[in-house]
Protein chains: 2
Amino acid sequence: MTNKGLSTDPYKGVRDFYPEEMAIQSYIFDVWAQTAESFGFERYDASILEPSELYKSKGLENEEMVNEQTYTFIDRGDREVTLRPEMTPTVARMIAGRRRELSFPVRWYSIPNLFRYERPQKGRLREHYQLNCDIFGADDYSVDVEIISLAYHMLLNFGADASMFEIRINNRKEMTELYNAAGVTDSNMQTKITRLNDKFRKITKDEYKNALMEIVQDKEITQKIYAIVSGEHKEEQNEVLRGLQLLGIKNVVVDRSLARGFDYYTGTIFELFDVSGENNRAMLGGGRYDNLTSLFGGEPVSGIGFGMGDVTMRDFLQTHDLLTSNITAPLLSILPTDSAYNMEAQKIAQEFRVAGVSVSVDCSTKKVGKKISDAAEAFVSYVLVLGENEIRDKKYSVKNLEEKVEVSGTLAELTEKIAT
Amino acid sequence: MTNKGLSTDPYKGVRDFYPEEMAIQSYIFDVWAQTAESFGFERYDASILEPSELYKSKGLENEEMVNEQTYTFIDRGDREVTLRPEMTPTVARMIAGRRRELSFPVRWYSIPNLFRYERPQKGRLREHYQLNCDIFGADDYSVDVEIISLAYHMLLNFGADASMFEIRINNRKEMTELYNAAGVTDSNMQTKITRLNDKFRKITKDEYKNALMEIVQDKEITQKIYAIVSGEHKEEQNEVLRGLQLLGIKNVVVDRSLARGFDYYTGTIFELFDVSGENNRAMLGGGRYDNLTSLFGGEPVSGIGFGMGDVTMRDFLQTHDLLTSNITAPLLSILPTDSAYNMEAQKIAQEFRVAGVSVSVDCSTKKVGKKISDAAEAFVSYVLVLGENEIRDKKYSVKNLEEKVEVSGTLAELTEKIAT
């Protein structure tokens, strides 16, 4: 047999989660879940496989994404299947399916993995995880405030403070009114401007103005729209902003250039940015989409929600030195001095477990010294070295690896000691 | 707009997890995770996307599965990709990839979703979840005992007792010795007998004997093999069985007909069965596979592990009346009597949350009586009705929905009361 073999690399653009990576992932997921549940959100889930038509329907249409950026294939039964690229169409489908049974408002969250076929490049993965939080069946503005407040507390519960990030909000309905007031009443032209606004922060003022002029073909209107989008045009605070301030959330700005990619938003839209300058992509984005469930027939159910990715979350935590992890290590490791005692070690391990102590057995053929240092490296708290004497006398010693303190006694005495 | 629209059904053969289903799923996953961690197992994960070659290589070969039962497609970069049908090849790949850095023995667990393209039929899903537990780098028999003991405690920790299930064990090496002793030394013939044994419990004695006779072409050998497989041939207990008995695990039988589907097993194999008669498929199965990582080149790392599906787990719990769920409901729900008070409700909710109380706000336009009954149905413990008087006087009443007791006071008084 040669020394070569199959590659141990994962598929291109996806990640392996070895235990130390998984511990970070678990930490992030746990904080997300606990925060969502503190706001009364219930967890749901669905399969990554969805009928492709879910992403092709009017209202969800985003041609570039469906045609070029999804994993779509034909199954053996001639059905067209897509690996979900986002969760909102799925949750809209589920809400629509139980519209009559559900008691609204409904607050739901999920932590799905999402797939996009992207050209491989740094930081652009083909699979990532995304927290999704949505409130359905409530269109009062206080709900817009609540969902943004939830996003805000997501970051605070990781130990962030408000100086580290900024919430940018806009509103699709207000933008339509502002466009109308500025003299742009054609909805196609409005859409074109919104798409241009998406680039506002990435191009120069002049580039923006020139592109705008090309759309509206009028110098005065160009000036008016520019004033709105750039924030030069002063407006009254809207009620969502006031609501957030009432809750003490002050790192919020109205950003009229905020467009969001998806066409299904109808009201409030928002994004959350790291202000350190290290991470330029939005960490979180969302908005209100009042007509999405109507794609499935029947009365529409209004919705508002956001999505927040694990990769950007992790980048933010790393940048601000907030990253930690939920490493799980057994409290105790039993270290037989000879493999002849391995079975006895298993028996002792079981007695500790009955008392609620998590235990592993190092059944390798390594020397005891090496077993102890390996246990310490794996964040084990206590070790019990098991040799001939211990087995004969039924007296054991348990050593605390951090405090370097050793206590001896019978199993009953030691389990009681450690378990508490 | 017509009343018809897109279907709200999920893709064929997969499940939507509405919150009440998700709560059951979370309960099962939590018990799995806690039990694995009590044995010192660390959690890992990987993507559902794997290069197809991982399932085509010799040693993992299971032609029917790879060719007819997987979701396999070509990606836009001309790579052949498979949605993982099982986790063992993935974990072997990951172990092989860090063979040099890892400190063995390694105990790993994961709860992946797995995909199989199967003809739709009752109870046969195209996507299911499976707990996978494996120990790598230890070939002492005490490790075989440990992994079976872990499987046993998985069920006990759901509240099952040993009378509800049976563990059947066998050993590939011992079978080879028994075949040899019975006069069958040809390894192809041995494999054919093993495949026939897989059907032993599904066909009659005579059918089995006839099929066996066709393979071995010798009446005496047929008798000998039958005696072995049926258990008529008395043997000494092997050390794994003795080890399990030492741990007090008595619901174990040696079953020489046990074959397991996969060709990569090399030693101990085992399955766990519900004895109620309600569920005939194995709930859990696994074994030792000492050569799997060698597919990736370099020195092989021995492994032993098992997989346990969520669907069979749930069927077992249901049959034995052990099914429960981790329903997450907010401790408190605030019920404004008018939507004009919704924003004030959000503010009060935030103050409770600071004290560690989970809170939702019913911002719907329903009458208060309906809001209270909806909260009770959603397993909320306390409600706070918020009206004109409460806002004016800054005095609130919190009602315990189960005990029907109401306490009044300022926010500070009430948060302290509920939070403890």
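Note that the structure is predicted; figures quoted are calculated from it, not measured.

What counts and how
- Residues numbered from 1 in each chain as written.
- Chains lettered and ligands numbered in written order.
- Predicted model: local features only at pLDDT ≥ 70, side-chain atom pairs only at ≥ 80, totals over all residues.
- Heavy atoms only, no water.
- Pairing = 2+ DSSP bridges.
- Helix = DSSP H or I, 4+ residues; strand = E, 2+ residues; numbered from the N terminus.
- Axes fitted to C-alpha atoms, helices over the stretch in contact; angles between N-to-C directions.
- Phe/Tyr/Trp six-rings, centres within 6.5 Å; stacked < 30°, edge-to-face > 60°.
- Buried < 20%, exposed > 50% of the residue type's maximum accessible area, 1.4 Å probe, protein only.
- Contact = heavy atoms within 4.5 Å.
- Buried area = accessible area lost by both parts, 1.4 Å probe.
- Salt bridge = Lys/Arg side-chain N within 4 Å of Asp/Glu carboxyl O.
- Polar contact = N/O pair within 3.5 Å; in protein donor to acceptor, adjacent residues only side chain to side chain.
- Nonpolar A, V, L, I, M, F, W, Y, C, P; charged D, E, K, R; others polar.
- 1 Å grid on protein atoms, 1.4 Å probe; cavity = no way out; pocket = protein on both sides within 12 Å on 5 of 7 lines; lining within 4 Å.
- Points joined across faces, edges and corners; volume = space filled by probe spheres on them.
- Parallel < 35°, antiparallel > 145°, perpendicular 65-115°, else oblique.
- Left-handed = near helix turned anticlockwise from the far one by under 90°.

*Asks:* An account of the sheet that holds strand β2 (residues 49–51) of chain B is requested, with residue identities and associated values reported.
*Replies:* All names here are of chain B. Read across the sheet, three strands follow the order β2-β4-β3 without closing on themselves; strand pairing throughout is antiparallel. For this open sheet the edge positions go to β2 and β3 (71–74), each flanked by a neighbour on one side alone. Direction aside, neighbouring strands of the sheet carry axes that sit 35° apart on average. Sheet topology places β3 next to strand β4 (residues 80–83); four bridges connect them, and they run antiparallel. Its bridge partner being in β4, Ile74 is matched across the sheet by Glu80.

*Asks:* Go over the packing of aromatic side chains with me, naming the residues and quoting the values.
*Replies:* All names here are of chain A. Evaluated as defined, the whole model comprises 33 aromatic pairs over all chains. With a centroid separation of 5.3 Å and an interplanar angle of 50°, the aromatic rings of Phe29 and Tyr129 are classed as tilted. Highlighted residues: Phe29 in helix α1 (residues 19–38) and Tyr129 in strand β7 (residues 127–136), separated in sequence by 100 residues. For Tyr129, a relative accessible area of 11% translates into the label buried. On the numbers, 5.9 Å between centres and 75° between planes, the contact of Tyr264 with Tyr289 is edge-to-face. Residue Tyr264 is found in the loop between β9 (252–254) and β10 (268–274), and its partner Tyr289 is found in the loop between β11 (284–288) and β12 (303–309); the two are separated by 25 residues along the sequence. When its relative accessible area of 2% is taken as the criterion, Tyr289 is described as buried.

*Asks:* Now, about the sheet that holds strand β16 (residues 396–400) of chain B: what can you tell me, with residues and values included?
*Replies:* Residue and element names in this part refer to chain B. Pairing in this open sheet of five strands is mixed, and the strands run β14-β13-β15-β16-β17 from one edge to the other. The open sheet has two edge strands, β14 (359–361) and β17 (405–409), and neither has a second partner. Geometrically, the sheet is characterised by an average inter-axis angle of 25° between neighbouring strands, direction not taken into account. By the bridge criterion, five bridges tie strand β13 (residues 332–336) to strand β15 (residues 382–386) in an arrangement that is parallel. What sits directly across from Leu332, in β15, is Tyr382. Against the sheet, helix α13 (residues 368–377) contacts β13 and β15, and its axis sits at roughly 165° relative to β13.

*Asks:* An account of the interface of chain B and chain A is requested, with residue identities and associated values reported.
*Replies:* Taken together, the contact pairs 101 residues of chain B with 102 residues of chain A. Of the roughly 8,400 Å² buried where chain B meets chain A, counting both sides, 58% is carbon and sulfur surface. On the surface where chain B and chain A come into contact, there are six salt bridges. Close ionic contact of Arg93 of chain A with Asp16 of chain B constitutes a salt bridge, the shortest N to O distance being 2.8 Å. Where chain B meets chain A, there are 38 residue pairs in polar contact (both at pLDDT 80 or more). The biggest single contributor to the side of chain B that touches chain A is helix α5 (residues 141–156) of chain B, with seven residues. Partitioning the side of chain B that touches chain A into residue classes produces 44 nonpolar, 29 polar and 28 charged.

*Asks:* Go over the pairing of strand β12 (residues 303–309) of chain B with me, naming the residues and quoting the values.
*Replies:* Residues and elements named next belong to chain B. Of all seven residues that make up β12, seven are buried, and the element is covered over most of its length. With burial as the criterion, each face of β12 is covered, one bearing Gly303, Gly305, Gly307 and Gly309 and the other bearing Ile304, Phe306 and Met308. Across seven bridges, strand β7 (residues 127–136) lies against β12 in antiparallel orientation. Among the inter-strand pairings, Cys133 is bridged to a residue of β12, identified as Phe306. The pairing of strand β11 (residues 284–288) with β12 spans five bridges and is antiparallel. Bridging across to β12, Gly285 finds its partner in Gly307.

*Asks:* Please give an account of the environment of Glu37 of chain A that cites residues and values.
*Replies:* With respect to the element layout, Glu37 of chain A can be found in helix α1. Distance from Glu37 of chain A to Arg116 of chain A, taken between C-alpha atoms, is 28 Å for residues 79 residues apart in sequence. When near neighbours in sequence (up to four residues on either side) are disregarded, Glu37 of chain A contacts Tyr109 of chain A together with Thr328 and Ser358 of chain B. Polar contacts involving the side chain of Glu37 of chain A include one to the side chain of Tyr109 of chain A, which spans 2.5 Å.

*Asks:* Residue-level account of empty space enclosed by the protein, with values.
*Replies:* All names here are of chain A. The tally for this structure, following the rule as stated, stands at three cavities of 30 Å³ or more. Size it by volume and the largest cavity reaches roughly 60 Å³. Along its surface, the largest cavity is lined by Asn170, Asn171, Arg172, Met175, Tyr179, Thr194, Asn197, Arg256, Ser257, Leu258, Ala259 and Ile269. Residue assignment for the lining of the largest cavity shows that the elements contributing at least two residues are β8 (165–171), α6 (172–182) and α7 (187–197). The element best represented in the lining of the largest cavity is α6, accounting for three residues. Taken together, the residues of the lining of the largest cavity sort by class into five nonpolar, five polar and two charged.

*Asks:* Tell me about the pairing of β11 of chain B, residues and numbers included.
*Replies:* As a general feature of sheets, a regular strand has side chains that alternate between the two faces. All names here are of chain B. When you tally the buried positions in β11, you get five out of five residues, the bulk of the element. Alternating residues of β11 divide into Leu284, Gly286 and Arg288 and Gly285 and Gly287, and every residue in both groups is buried. With four bridges joining them, strand β10 (residues 268–274) and β11 adopt antiparallel strand pairing. Each residue of the ladder has a partner; that of Leu272, found in β11, is Leu284.

*Asks:* An account of the packing of helix α6 (residues 172–182) of chain B against helix α9 (residues 219–230) of chain B is needed here, citing residue identities and associated values.
*Replies:* All names here are of chain B. Closest axis-to-axis distance for the α6/α9 pair is 9 Å, and the angle between their directions is 150°. For the element pair α6 / α9, the angle class is roughly antiparallel. The handedness of the crossing between α6 and α9 is right-handed. Touching Leu178, Tyr179 and Ala182 of α6 are Ile221, Lys224, Ile225 and Ile228, all from α9. Across the contact of α6 with α9, the residue classes tally to six nonpolar, no polar and one charged.

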